[in-house]
Amino acid sequence: MIILASASPRRKEILSTLGVDFSVVTADTDESSDISDPRALTEELAARKGRAVWAKLASESPETAKASVIISADTVVYADGEILGKPRDTAHALSMLRSLSGASHSVISGVAVTVDGVTKSASCVTGVNVDPIPEDELAAYAESDEPRDKAGAYAIQGHFSVWIHSIEGCYFNVVGLPVNCLNKLFYECTGEYLV
């Protein structure tokens, strides 16, 4: 039984598109950290989410926990030496978007797989190159609903895509779930591929 430890609609859509049969279970997870390396941070936060869901399942139904493979993930944007998570409000989104305009940044996703209480994690980095964006376009985008729950305040699969002139690496990583990295980790943990 595969469990996705995330309420992210994008992660659910990616797994569904791959034909993976899964259920969603989430648990409250402390995401505070003083880790400054974005790869280490995303791997740690992904692992915390997986462990929290495993503990929740184990307390409610040890049989379910034993039979489950839990997938968890965390994504950040890294620009100019700063880790960008989700924006707090429109002004914060606009500030993030201004820092990305006309520049290159990295999207880092940590993924984790938890089997029988043991969690392993890995991460993926994708470079994203953004054209200069006029201020009025930035302001309009920041005020839309799209940036609200996205690391770096944008969605590559949404309206912001018209400003992205190239990426270097995994597209699905920028959406929020690097399927190639996940598939390798899933095999390492279970002896089977994800699909």
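Nothing here was measured: the structure is a model prediction, and the numbers come from that model. (Residues numbered from 1 in each chain as written. Predicted model: local features only at pLDDT ≥ 70, side-chain atom pairs only at ≥ 80, totals over all residues. Heavy atoms only, no water.)

This part covers the layout of surface pockets. There is about 680 Å³ of room inside the largest pocket. Considering the residues around the largest pocket, the lining is formed by 38 residues, among which Arg11, Lys49, Asp74, Thr75 and Lys86 are closest to the centre. Listed by contribution, the elements that provide at least two residues to the lining of the largest pocket are helix 1 (9–18), helix 2 (38–60), strand 3 (69–79), strand 4 (82–84) and helix 6 (171–175). It is strand 3 that contributes the most residues to the lining of the largest pocket, five residues altogether. (1 Å grid on protein atoms, 1.4 Å probe; cavity = no way out; pocket = protein on both sides within 12 Å on 5 of 7 lines; lining within 4 Å. Points joined across faces, edges and corners; volume = space filled by probe spheres on them. Helix = DSSP H or I, 4+ residues; strand = E, 2+ residues; numbered from the N terminus.)

We now examine the packing of helix 4 (residues 90–100) against helix 5 (residues 135–143). If you want to describe how two helices pack, look at the angle between their axes and the distance between the axes. With their axes 9 Å apart at the nearest point, helix 4 and helix 5 run at an angle of 135° to one another. The angle between the axes of helix 4 and helix 5 places the two elements in the oblique class. Between helix 4 and helix 5 lies a crossing whose hand is right-handed. Across the interface between the two elements, Thr90, Ala93, Leu94, Leu97 and Arg98 from helix 4 touch Glu135, Leu138, Ala139, Tyr141, Ala142 and Glu143 from helix 5. Class assignment for the residues of the contact of helix 4 with helix 5 results in seven nonpolar, one polar and three charged. (Axes fitted to C-alpha atoms, helices over the stretch in contact; angles between N-to-C directions. Parallel < 35°, antiparallel > 145°, perpendicular 65-115°, else oblique. Left-handed = near helix turned anticlockwise from the far one by under 90°. Contact = heavy atoms within 4.5 Å. Nonpolar A, V, L, I, M, F, W, Y, C, P; charged D, E, K, R; others polar.)

What follows deals with the packing of aromatic side chains. Applying the stated criterion across every chain, the model contains four aromatic pairs. Seen in terms of ring centroids, Tyr171 and Phe172 are 5.5 Å apart; in terms of plane orientation they differ by 75°. Their pairing is edge-to-face. Residue classification places Tyr171 among the partly exposed residues on the basis of a relative accessible area of 35%. A centroid spacing of 4.4 Å and a plane angle of 20° characterise the contact between Tyr187 and Tyr193, whose relative ring orientation is stacked. Given a relative accessible area of 38%, Tyr187 falls into the partly exposed group. Taken together, the ring pairs connect Tyr141, Tyr154 and Phe160 into an aromatic cluster. (Phe/Tyr/Trp six-rings, centres within 6.5 Å; stacked < 30°, edge-to-face > 60°. Buried < 20%, exposed > 50% of the residue type's maximum accessible area, 1.4 Å probe, protein only.)

Most of strand 3 is tucked away, with ten of its eleven residues classed as buried. Pairing analysis gives ten bridges linking strand 3 to strand 5 (residues 104–115), with the strands arranged antiparallel. Its bridge partner lying in strand 5, Ser72 is registered against Ala112. Pairing between strand 3 and strand 4: three bridges, direction antiparallel. Note on strand 4: the bridge partner recorded for Tyr78 is Ile83. Connecting the antiparallel pair strand 3 and strand 4 is a turn made up of two residues, with Asp80 showing a positive phi of about 50°. (Pairing = 2+ DSSP bridges.)

Spatial relationships are all this shows, so hold off on functional conclusions.
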